[in-house]
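Structure assessment
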Amino acid sequence: MARAENRLPHNADGDFFVDDRCIDCDTCRSLAPAVFGRAADFEQSFVKHQPDSEDQRQHALMALVACPTAAIGTLSKIDVRPAIAAFPTRIADEVYYCGFASEASFGAASYLIRRPEGNVLVDSPRASKPLLERLRALGGVRTMFLTHRDDVADHAVFRRELGCERILHRADISASTADVERPLDGDQDISLADDLVAIPVPGHTPGSMALLFDRKFLFSGDHLWWSPGRGRLHASRCVNWFSWEGQVRSLRRLLDHRFSWVLPGHGRRFAAASPEVMHEELARLLAALES
Ligand code: SF4
C-alpha cells in the first residue's frame, strides 16, 4: 500500500498520489498519461493532474493496480475491483496487456496472446491471484515465451499454477531458469507454430529473442521500443548489457520480417500504418544509430 506520509512533493493536490517507492518504470505514465508525469529532478513519477473524468479515473486506478512497487495510492478508500478486472486489457486483435507489473523485472510489460491453438504469455507479470484467475477464465496459458533473462519474474509460479511450457534462449538461462521446459539454441529464426516465430536478437543480452505473432505483432523485449521524445523507434547503449554491435546487427535482421506492431518490455508500444511504414521506421532507426 502506498503511504500518504511518503507522498512525493510534486503531486497535484487531490486524492491520487505517488509515494517515494516509485522506481520510474513508466507503467503509470503509459497507462494514464493525462494523470501521471515524470519529475526529471527526482527521476520518479508524480500525479501531474488529478483525474477529472471517469475514463481518467479508471486508467489511474489501472495504473495503481499495475504499479510494481505499490507506489500509487489514494487518500480516500476506493474500490479497485473494476480496475483489477480490467486486466488483461485488450490492445488489438487478440493481443492483451497484462498489467500487474513485477518489480523483479523493473516493471516490464507482459502480454497475453489468445489463440485457438493455446494462449501465449509473453514475459512474466506479477503472479497475483486475481490475474491468475483472469488468465484461467481467458483459456489459461499453454506457452510462456520469455524474451530474455531480465523479464522472467514469477515464471515458476505461472508454470506451477497454469502448467505452461516456458521458452527461453539457452544463452540467457541462469540458476533461476535452469528448469525451463524448452530452451532454444542458435541465432536462426525458429518456427514455434504457423503463427509464431522466435527470432534470436542477441545484443541487449546474449539470449534475447523477439516473438513474431501472426506476421503482425513483434514482441521485442528490451531489444527495440518506441521513444515518444525522439518520435521514432529506439534502442539504447545505456541499457545494453552484452553487445551493442550485436544489437545493431540484430535490429538490421528485423528488416527481413513483416510486422506492423512493436510491443516492448520497456518503452512504448508502436503501431505503424502498415508493414511498409514499420520497415521505413526501422531503417530510420538504423540510420540514426549508424550515423
Ligand atoms: S508505475 Fe509505480 S513505479 Fe512505475 S513509474 Fe509509476 S509510480 Fe513509479
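Our subject in this report is the structure included herewith. (Residues numbered from 1 in each chain as written. Predicted model: local features only at pLDDT ≥ 70, side-chain atom pairs only at ≥ 80, totals over all residues. Heavy atoms only, no water.)

A separate point is the packing of helix H4 (residues 129-137) against helix H5 (residues 155-162). Running from N to C, H4 and H5 point in directions that differ by 50°, and their axes come no closer than 12 Å. Here H5 runs oblique to H4, going by the angle between their axes. As for how H4 packs across H5, the hand of that crossing is right-handed. Between H4 and H5, the residues in contact are Leu131, Leu132, Leu135 and Arg136 and Phe158, Glu161 and Leu162, respectively. The class makeup of the residues in the contact of H4 with H5 is five nonpolar, no polar and two charged. (Axes fitted to C-alpha atoms, helices over the stretch in contact; angles between N-to-C directions. Helix = DSSP H or I, 4+ residues; strand = E, 2+ residues; numbered from the N terminus. Parallel < 35°, antiparallel > 145°, perpendicular 65-115°, else oblique. Left-handed = near helix turned anticlockwise from the far one by under 90°. Contact = heavy atoms within 4.5 Å. Nonpolar A, V, L, I, M, F, W, Y, C, P; charged D, E, K, R; others polar.)

The next point concerns the site of the ligand. Taken together, the neighbourhood of the ligand is formed by 13 residues, with Cys22, Cys25, Cys28, Ser45 and Cys67 sitting nearest. Here the residues of the shell around the ligand are counted per class, giving eight nonpolar, three polar and two charged. (Near = heavy atom within 4 Å.)

The next subject is the sheet that holds strand S6 (residues 95-97). Taken in spatial order, the seven strands line up as S5-S6-S7-S8-S9-S10-S11 in an open sheet, and their pairing is mixed. One side of each edge strand has no neighbouring strand; the edge strands of this open sheet are strand S5 (89-92) and strand S11 (182-184). Each strand of the sheet is rotated relative to its neighbour by a mean of 25°, with strand direction disregarded. One ladder, built from three bridges, connects S6 with strand S7 (residues 111-113); its direction is antiparallel. When the sheet's bridge partners are listed, Val95 is paired in S7 with Ile113. (Pairing = 2+ DSSP bridges.)

This part takes up helix H6 (residues 244-253). Among all positions of H6, only Trp244, Gly246, Gln247, Val248, Ser250 and Leu251 are buried. Looking at the buried positions of H6, the neighbouring elements they touch are helix H7 (275-290). Residue Ser243 occupies the N-cap position of H6, its side-chain oxygen lying 2.8 Å from the main-chain nitrogen of Gly246. (Buried < 20%, exposed > 50% of the residue type's maximum accessible area, 1.4 Å probe, protein only. Polar contact = N/O pair within 3.5 Å; in protein donor to acceptor, adjacent residues only side chain to side chain.)

The next point concerns the pairing of strand S2 (residues 36-39). Two strands pair when backbone bridges link them, and S2 and strand S3 (residues 44-47) are joined in this way by four bridges, in the antiparallel orientation. For Phe36, the partnering residue across the bridge sits in S3 and is Val47. Between S2 and S3, which pair antiparallel and follow one another directly, the connecting turn spans four residues, one of which, Glu43, has a positive phi of 55°.

Right, let's get into the nonpolar core. The biggest cluster of nonpolar side chains holds 64 residues, and the ones touching the most others in it are Phe36, Ile72, Phe158, Leu192, Leu211 and Phe219. In terms of residue count, helix H2 (residues 54-66) provides more of this core than any other element does, seven residues in total. Counting 22 residues, the second largest nonpolar core, distinct from the first, contains Leu218, Trp244, Leu255 and Leu285. (Core = buried A, V, L, I, M, F, W, Y, C linked by side-chain atoms within 4.5 Å.)

This brings us to the pattern of salt bridges. One side chain can pair with another of opposite charge once the charged atoms of both are near each other. According to the stated counting rule, one finds 19 salt bridges in the structure shown. The shortest N-O distance in the salt bridge between Glu161 and Arg136 comes to 2.9 Å. Of the two residues, Glu161 sits in helix H5 while Arg136 sits in helix H4, which places them 25 residues apart along the sequence. For Glu161, a relative accessible area of 34% translates into the label partly exposed. Between Asp189 and Arg253 there is a salt bridge, and its shortest N-O distance comes to 3.0 Å. Placement of Asp189 in the loop between S11 and strand S12 (190-193) and of Arg253 in helix H6 is noted, with a sequence separation of 64 residues between them. (Salt bridge = Lys/Arg side-chain N within 4 Å of Asp/Glu carboxyl O.)

Glancing now at the environment of Ala71. Tracing the chain through its elements places Ala71 in the loop between H2 and strand S4 (72-74). Overall, the relative accessible area of 1% leaves Ala71 in the buried class. A sequence separation of 26 residues divides Ala71 from Ser45, and the C-alpha atoms of the two residues are 9.4 Å apart. Ignoring sequence-local partners within four residues, the contact set of Ala71 consists of Ala2, Phe17, Val18, Asp19, Arg21 and Cys22.

Take the sheet that holds strand S15 (residues 217-221) next. What the six strands build is an open sheet, ordered S12-S13-S14-S15-S18-S19; its pairing is mixed. Either end of the sheet is taken by a strand with one partner, and the two such strands are S12 and strand S19 (270-271). Pairing analysis gives three bridges linking S12 to strand S13 (residues 196-200), with the strands arranged antiparallel. Bridge pairing links Ile190 to Ala198 in S13.

Centre-to-centre distance and the angle between the planes together describe a pair of aromatic rings. Counting across every chain of the model gives seven aromatic pairs. When the ring of Phe213 is compared with that of Phe217, the centres are 6.0 Å apart and the planes differ by 20°; the resulting orientation is stacked. Note on Phe213: relative accessible area 6%, which makes it buried. For the ring pair Phe217 and Trp261, a centre distance of 5.7 Å and an interplane angle of 35° mean the geometry is tilted. Within this pair, whereas Phe217 is found in strand S15, its partner Trp261 is found in strand S18 (residues 261-264), the two being separated by 44 residues in sequence. Trp261 matches Phe217 in its accessibility class, with the two residues each being buried. Taken together, Phe87, Tyr97, Phe100, Tyr111 and Phe219 form an aromatic cluster joined through their ring pairs. Above the plane of the ring of Tyr97 lies Arg269, whose end atom (NZ or CZ) is 5.6 Å from the centre. (Phe/Tyr/Trp six-rings, centres within 6.5 Å; stacked < 30°, edge-to-face > 60°. Lys NZ or Arg CZ within 6 Å of the ring centre and 35° of its normal.)

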